[in-house]
Amino acid sequence: MNPFPAAGGRDLSSALQRNFSLSELLDVAVFREVCDSYADLFQIGFRILDRAGEKLIDTKGESADYCAYLFNFPAGKSRCTAEVTALRQMDLPGAQPLVHDCFTGLRYLVMPILYEGDLMGRILYGPYLPAEGRPLALSSEAMGEKFNPDIAARLLLRVRRVPQAAAQKVVRHLAQVIEVMVHTGYKQALTSRMHVEAVSASYNELQDKNRVLQESFERLKELDRLKSSFLATVSHELRTPLTSVIGYSEMLLEGLAGALSPEQTDYVRTIMEKGENLLSLITSILDFSKVESGNLRLNLSNCNLGEIVRAAVTTVLPMARKQSVEVVVRVGENLPSLVADGDKIRQVLVNLLGNAIKFNRKGGRVELELVNARLPRRQPTGADGLPEALAQTEEPVVLVTVRDTGIGIPQDKLHRVFDSFYQVDGSSTREYGGTGLGLAIAKSFVEAHGGTIQVESEVGKGSVFRFVLPVERPTQG
Amino acid sequence: MVQINLEQREITLKIVYYGPALSGKTTNLQAIHQLMDPTVRGRLMVLDTSDDRTLFFDLMPVFFRSRSGFSVKVKLFTAPGQVMHSSTRRVVLQAADGIVFVADSQRSMTRANNDSWRDMAHNLKQNGLNVQELPVVIQFNKRDLPDVRSDEEIDEVARRGREPVFKAVALRGEGVMETLAGLLRFTWRTLDARHGLSSKLHIEEEEFITSLLRLSPTAGMADQAPGRSAP
């Protein structure tokens with residue numbers, strides 16, 4: 001960077017290096033009051049100019065009338081103006097007041113206002129009548145025909161006479177007061193400047209961090225989507241040949257390729273069973289990866305809940321029989337027909353019932369219950385929402401409960417059971433099998449219908465899963 | 001970034017005291033304020049929190065008028081040491097012409113010193129400055145405390161490093177002026193080489209140093225020569 005900026009160019013390289021002008025550092029209104037009091041006290045007027053020579057303060061002293069009288073005359077006016085210009089431009093090398101006598105014999109003191117060695121402005125103190133000197137008698141020749149020396153003399157009497165040392169002391173004090181005020185103003189200006197700079201630096205920092213976070217979030221989301229779509233493809237590719245394996249095994253069992261020996265029948269049945277297990281596993285994974293990749297679509301139609309329940313129970317019944325688990329179904333009266341994706345609802349029921357049977361004890365019991373219910377719901381309130389009086393609503397729902405008498409779920413694990421691939425007991429995977437996807441899928445299917453799912457459980461006593469399906473499809477906001 | 005205004009005949013330099021929290025940066029400035037001739041220094045402006053730790057920065061200007069008629073001003077800043085004030089530190093570091101790194105001599109503070117240095121280098125970089133190109137001196141402060149790194153150790157690291165090293169007890173004013181003198185000399189030489197200050201402004205190094213480091217007659221210190229000079 002070039003440290004020699006063009007004249008007038010502002011260097012923004014450091015926020016704290018800026019030079020302030022006198023009017024920026026002083027509260028001019030308050031400062032004016034201070035100056036007025038000062039002038040009243042000593043009966044001597046003064047002016048304060050900033051570095052550029054602009055007038056900041058102009059107080060009237062006892063000389064005002066005399067000067068105003070002289071100013072009426074063209075000669076007086078031009079000489080007075082010349083005097084003030086001289087005062088404005090006077091070179092002030094030191095820190096001491098300089099004396100300047102004007103054409104009337106009255107006196108000014110010119111005091112530099114210094115801050116940190118810089119000239120911030122100047123005090124033009126006076127005019128006053130030096131006690132040691134005497135005023136010059138002005139003549140009408142010099143001032144003009146209408147000039148009346150008697151009036152001038154009378155007005156001159158009112159001008160304060162001050163010993164030189166006293167005037168110097170007063171002006172030095174005034175300069176000190178100003179210096180303190182400038183210091184305070186400077187401190188305040190720097191503080192507020194610093195506040196602004198620090199806040200804007202923090203803001204930029206946060207913006208940068210946000211951008212980085214947002215980018216990595218987008219990247220993760222993309223990776224996740226790729227993962228799910230890969231999973232979906234792979235599951236599909238796995239399922240197709242598996243269907244053939246199962247199909248041909250079935251054909252063998254049916255004797256389409258000739259009679260099988262009992263041993264062969266046994267082997268082929270095992271192949272078919274394991275193939276079907278594998279198929280259902282792959283189906284779960286496929287469902288789940290669809291949910292994950294955001295490809296879940298509901299095929300909505302009017303569904304008869306009774307039929308859906310019957311289909312689901314038929315699916316799990318062989319498994320229940322094998323485990324000697326009793327399945328009890330209670331369907332309430334007057335269940336409405338739902339606009340829903342029947343296959344998905346059936347899948348939810350199969351998953352919940354399947355778990356209830358799988359994690360049950362021998363001779364245990366599973367209850368499935370469907371009833372009408374009303375769910376209190378609070379709608380959003382506030383500026384964009386409803387008024388408080390209307391926010392509380394009740395929603396008609398179908399409440400589905402699946403209750404079992406199985407091993408139960410410990411309290412500290414309850415909140416995780418809906419996580420994908422989660423199984424309460426790592427070792428139970430081996431004992432009970434499954435992918436750990438059933439509940440995650442159930443949850444996403446229920447939520448896709450605008451419903452909610454919950455679980456309660458007691459270890460050793462069993463678990464209760466409840467989900468609700470809204471009867472009216474939620475209005476899209 | 002030295003500011004030179006040929007029209008107004010002004011030159012302003014910015015020096016920053018940097019270092020870990022509580023290493024004595026403000027104490028350095030307070031000592032300088034006390035030791036210096038009041039005619040060459042301004043008021044010490046302290047912007048601190050209620051617990052006496054620096055919130056924003058401290059600022060004290062030192063200045064003189066050169067024989068060639070230039071108003072020369074050096075603004076001494078301290079950066080807040082606490083970790084939380086990172087953005088403030090960066091703002092204070094903006095356009096610095098030279099840095100006094102105030103390290104804590106206590107062995108237990110070695111890590112804090114290192115972290116602060118890295119933080120400084122990072123913040124300088126954010127401001128478009130390079131710690132390798134800036135005049136930096138290191139002051140090992142708090143020499144009077146127990147369990148500090150020994151003089152021999154410090155002399156040894158000083159010999160090996162690029163940065164001039166000074167020892168100080170800022171609370172007692174010891175080594176404070178020597179540190180400042182060392183940095184001012186280093187800074188002047190760097191700027192002179194870069195911008196030809198001597199020839200453009202007609203100010204010689206000795207005038208610059210001795211005019212700025214005028215001691216207060218009442219400070220009770222011998223009129224000592226500025227300490228070790230920079231390389």
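Note that the structure is a prediction, hence the values are computed from the model and not measured.

Trainee: Explain the overall build of chain B to me, please; I cannot follow it from the model alone.
Mentor: Regarding its fold elements, chain B presents seven helices and eight strands. Split into buried and exposed, the 231 residues of chain B put 58% on the buried side. Of the contacts made within chain B by residues no fewer than 6 positions apart, 70% connect residues no fewer than 24 positions apart. Carbon together with sulfur atoms contributes 49% to the accessible area of chain B, which is approximately 9700 Å² in total.

Trainee: Honestly, the nonpolar core in this entry has me stumped. Any pointers?
Mentor: Soluble globular proteins tend to pack their nonpolar side chains together in the buried interior. By size, the foremost hydrophobic cluster in this structure holds 61 residues, and its most contacted members are Phe 46, Ile 48, Ile 123 and Tyr 125 of chain A together with Phe 57 and Ile 99 of chain B. A per-element tally of this core places helix H7 (residues 164-253) of chain A first, with twelve residues. Among all residues touching Ile 99 of chain B, those that are not within four sequence positions of it are Val 16, Tyr 18, Leu 93, Met 120, Leu 124, Leu 134, Pro 135, Val 136, Val 137 and Leu 183 of chain B.

Trainee: What should I look at first to understand helix H5 (residues 176-195) of chain B in this one?
Mentor: An α-helical segment advances 3.6 residues per turn. Residues three or four places apart therefore align on the same side. Under the 1.5 Å per step criterion, the end-to-end length of H5 of chain B is 28 Å for 20 residues, consistent within 8% with the ideal 28 Å. Extensive coverage of H5 of chain B is indicated by the burial of 15 of its 20 residues.

Trainee: What is the right way to read the interface of chain A and chain B from this model?
Mentor: For interface size, the figure often reported is the accessible area lost on association. Opposite the 32 residues of chain A that make contact, chain B presents 32 residues. Summed over both partners, the interface of chain A with chain B comes to about 3000 Å²; 59% of that surface belongs to carbon and sulfur atoms. Here chain A is connected to chain B by four salt bridges. For Glu 205 of chain A, the salt bridge goes to Arg 90 of chain B, with nearest N and O atoms at 2.8 Å.

Trainee: Help me out: how do you make sense of the pairing of strand E11 (residues 392-404) of chain A in this one?
Mentor: Each regular strand carries side chains that alternate between the two faces of the sheet. Residue and element names in this part refer to chain A. Relative to E11, strand E10 (residues 365-378) runs antiparallel, the two being bridged by 13 bridges. Along E11, the bridge assignment pairs Arg 378 with Gln 392. As paired elements, E11 and strand E13 (residues 462-470) share seven bridges and run antiparallel to each other. The residue of E13 that forms the bridge with Thr 401 is Arg 466.

Trainee: Is there a simple way to think about unusual backbone geometry in this case?
Mentor: Residues other than glycine predominantly adopt negative phi, and peptide bonds predominantly adopt the trans conformation. With an omega dihedral of 5°, the bond running from Gly 126 of chain A to Pro 127 of chain A counts as a cis peptide bond. Mapped onto the fold, Pro 127 of chain A is located in strand E5 (residues 118-130). Located in the positive-phi region is Leu 22 of chain B, a residue other than glycine, with phi close to 60°. Relative to the helices and strands, Leu 22 of chain B is located in the loop between strand E2 (10-18) and helix H1 (25-35). Residue class for Leu 22 of chain B comes out exposed when judged on its relative accessible area of 55%. Positive phi is not limited to glycine here, since Asp 147 of chain B has a value of about 55°. Its location among the elements puts Asp 147 of chain B in the loop between strand E7 (136-141) and helix H4 (151-160). In this structure Asp 147 of chain B comes out as exposed when scored by relative accessible area, which is 53%.

Trainee: What's the story with the pairing of strand E4 (residues 107-115) of chain A in this structure? I'm lost.
Mentor: All names here are of chain A. The element E4 is largely enclosed, with a buried count of eight among its nine residues. Sheet topology note: the strand E3 (residues 98-101)/E4 ladder contains four bridges and is antiparallel. Within E4, the position partnered with Asp 101 by the bridge is Arg 107. The hairpin turn running from E3 into E4, its antiparallel successor, is five residues long, and Gly 105 in that turn takes a positive phi close to 90°. Direction of pairing for E4 relative to E5: antiparallel, over a ladder of eight bridges. Within the sheet, the bridge partner assigned to Ile 113 lies in E5 and is Gly 121. The antiparallel pairing of E4 with E5 creates a hairpin that spans two residues between the two strands, and Glu 116 there sits at a positive phi of about 50°.

Trainee: Could you clarify how one ought to interpret the environment of Phe 64 of chain B in this entry?
Mentor: Residue and element names in this part refer to chain B. Inspection of the secondary structure assignment puts Phe 64 in strand E4 (residues 54-65). In this structure, the C-alpha to C-alpha distance between Phe 64 and Phe 208, residues 144 residues apart in sequence, is 8.5 Å. Those residues within four positions of Phe 64 in sequence are excluded, and the remaining contacts are Phe 70, Ser 71, Val 72, Ile 203, Glu 207, Phe 208, Ser 211 and Leu 212.

Trainee: Whenever I open this one, the pattern of salt bridges confuses me. Can you help?
Mentor: Oppositely charged side chains may form a pair once their charged atoms are brought near each other. Following the criterion strictly, the structure yields 38 salt bridges over all chains and no others. A salt bridge links Asp 118 of chain A to Lys 73 of chain B; the nearest nitrogen and oxygen atoms lie 2.3 Å apart. Placement of the pair is Asp 118 of chain A in strand E5 and Lys 73 of chain B in strand E5 (residues 71-78), with the two residues belonging to separate chains. Assigned by exposure class, Asp 118 of chain A and Lys 73 of chain B land together as buried. A salt bridge links Arg 466 of chain A to Glu 456 of chain A, with the shortest nitrogen-to-oxygen separation between them at 2.9 Å. Here Arg 466 of chain A, found in strand E13, pairs with Glu 456 of chain A, found in strand E12 (residues 452-458); they are ten residues apart in sequence, far enough to count as distant. On the accessibility criterion, Arg 466 of chain A (26% relative accessible area) is partly exposed. The network of salt bridges with common partners includes Glu 326, Arg 330, Arg 365, Glu 367, Glu 369 and Arg 403 of chain A.

Trainee: When you look at the packing of aromatic side chains in this model, what are you seeing that I'm missing?
Mentor: This model, assessed by the stated rule, comprises 13 aromatic pairs over all chains. Geometrically, the ring pair formed by Tyr 69 of chain A and Phe 147 of chain A is tilted, given 6.0 Å between the ring centres and 35° between the ring planes. Taken together, the residues span a long stretch of sequence, with Tyr 69 of chain A in helix H3 (residues 64-71) and Phe 147 of chain A in the loop between helix H5 (140-143) and helix H6 (149-157) at a distance of 78 residues. Taking the relative accessible area as the measure of exposure, Phe 147 of chain A reaches 4% and is therefore buried. Aromatic rings pair up to connect Tyr 38, Phe 42, Phe 46 and Tyr 125 of chain A into one cluster. In this arrangement the basic side chain of Lys 14 of chain B is found over the ring face of Phe 77 of chain B, its NZ or CZ atom lying 4.8 Å from the centre.

Trainee: Just checking my understanding: could you explain the layout of surface pockets for this structure?
Mentor: Rolling a probe over the atoms, with the probe sized like a water molecule, indicates the empty space that remains. In this structure, the second largest pocket spans a volume of roughly 1200 Å³. Of all the elements in the fold, those that place two or more residues in the lining of the second largest pocket are E4, E5 and H7 of chain A together with E4 and E5 of chain B. Here the residues of the lining of the second largest pocket are counted per class, giving 14 nonpolar, nine polar and 13 charged.

Trainee: When you look at the sheet that holds E13 of chain A in this model, what are you seeing that I'm missing?
Mentor: Strands in a sheet are paired, the pairing made by backbone hydrogen bonds, and the direction either parallel or antiparallel. Residues and elements named next belong to chain A. Taken together, five strands build an open sheet; the order of strands is E8-E10-E11-E13-E12 and the sheet is mixed. Only two strands of the sheet have a single partner each, and these edge strands are strand E8 (326-331) and E12. Taking each pair of neighbouring strands and ignoring which way they run, the sheet shows an average axis angle of 25°. Along the sheet, helix H9 (residues 305-323) contacts E8, E10 and E11; its crossing angle with E8, the most-contacted strand, is approximately 175°.

Trainee: What exactly am I supposed to notice about the confidence of the model for chain B here?
Mentor: It should be kept in mind that the predicted coordinates are not to be read in detail where pLDDT is low. Residue and element names in this part refer to chain B. Taken over all residues, the pLDDT of chain B has a mean of 87, while the share at 70 or more is 91%. When pLDDT is averaged over each helix and strand of chain B, the minimum, 77, is found for strand E3 (residues 45-48) and the maximum, 96, for strand E6 (residues 98-104). Here residues 220-231 scores under 50 on pLDDT; set against residues more than four positions off or in separate chains, the count is 21 contacts. Overall fold confidence for the complex sits at a pTM of 0.63, while the interface term, ipTM, reaches 0.71.

Reading the values: the criteria
- Residues numbered from 1 in each chain as written.
- Chains lettered and ligands numbered in written order.
- Predicted model: local features only at pLDDT ≥ 70, side-chain atom pairs only at ≥ 80, totals over all residues.
- Heavy atoms only, no water.
- Helix = DSSP H or I, 4+ residues; strand = E, 2+ residues; numbered from the N terminus.
- Buried < 20%, exposed > 50% of the residue type's maximum accessible area, 1.4 Å probe, protein only.
- Contact = heavy atoms within 4.5 Å.
- Areas by Shrake-Rupley, 256 points an atom, 1.4 Å probe, with all protein chains shown as cover.
- Core = buried A, V, L, I, M, F, W, Y, C linked by side-chain atoms within 4.5 Å.
- Expected span 1.5 Å × (residues − 1).
- Buried area = accessible area lost by both parts, 1.4 Å probe.
- Salt bridge = Lys/Arg side-chain N within 4 Å of Asp/Glu carboxyl O.
- Pairing = 2+ DSSP bridges.
- Phe/Tyr/Trp six-rings, centres within 6.5 Å; stacked < 30°, edge-to-face > 60°.
- Lys NZ or Arg CZ within 6 Å of the ring centre and 35° of its normal.
- 1 Å grid on protein atoms, 1.4 Å probe; cavity = no way out; pocket = protein on both sides within 12 Å on 5 of 7 lines; lining within 4 Å.
- Points joined across faces, edges and corners; volume = space filled by probe spheres on them.
- Nonpolar A, V, L, I, M, F, W, Y, C, P; charged D, E, K, R; others polar.
- Axes fitted to C-alpha atoms, helices over the stretch in contact; angles between N-to-C directions.
- pLDDT = per-residue confidence, 0-100.

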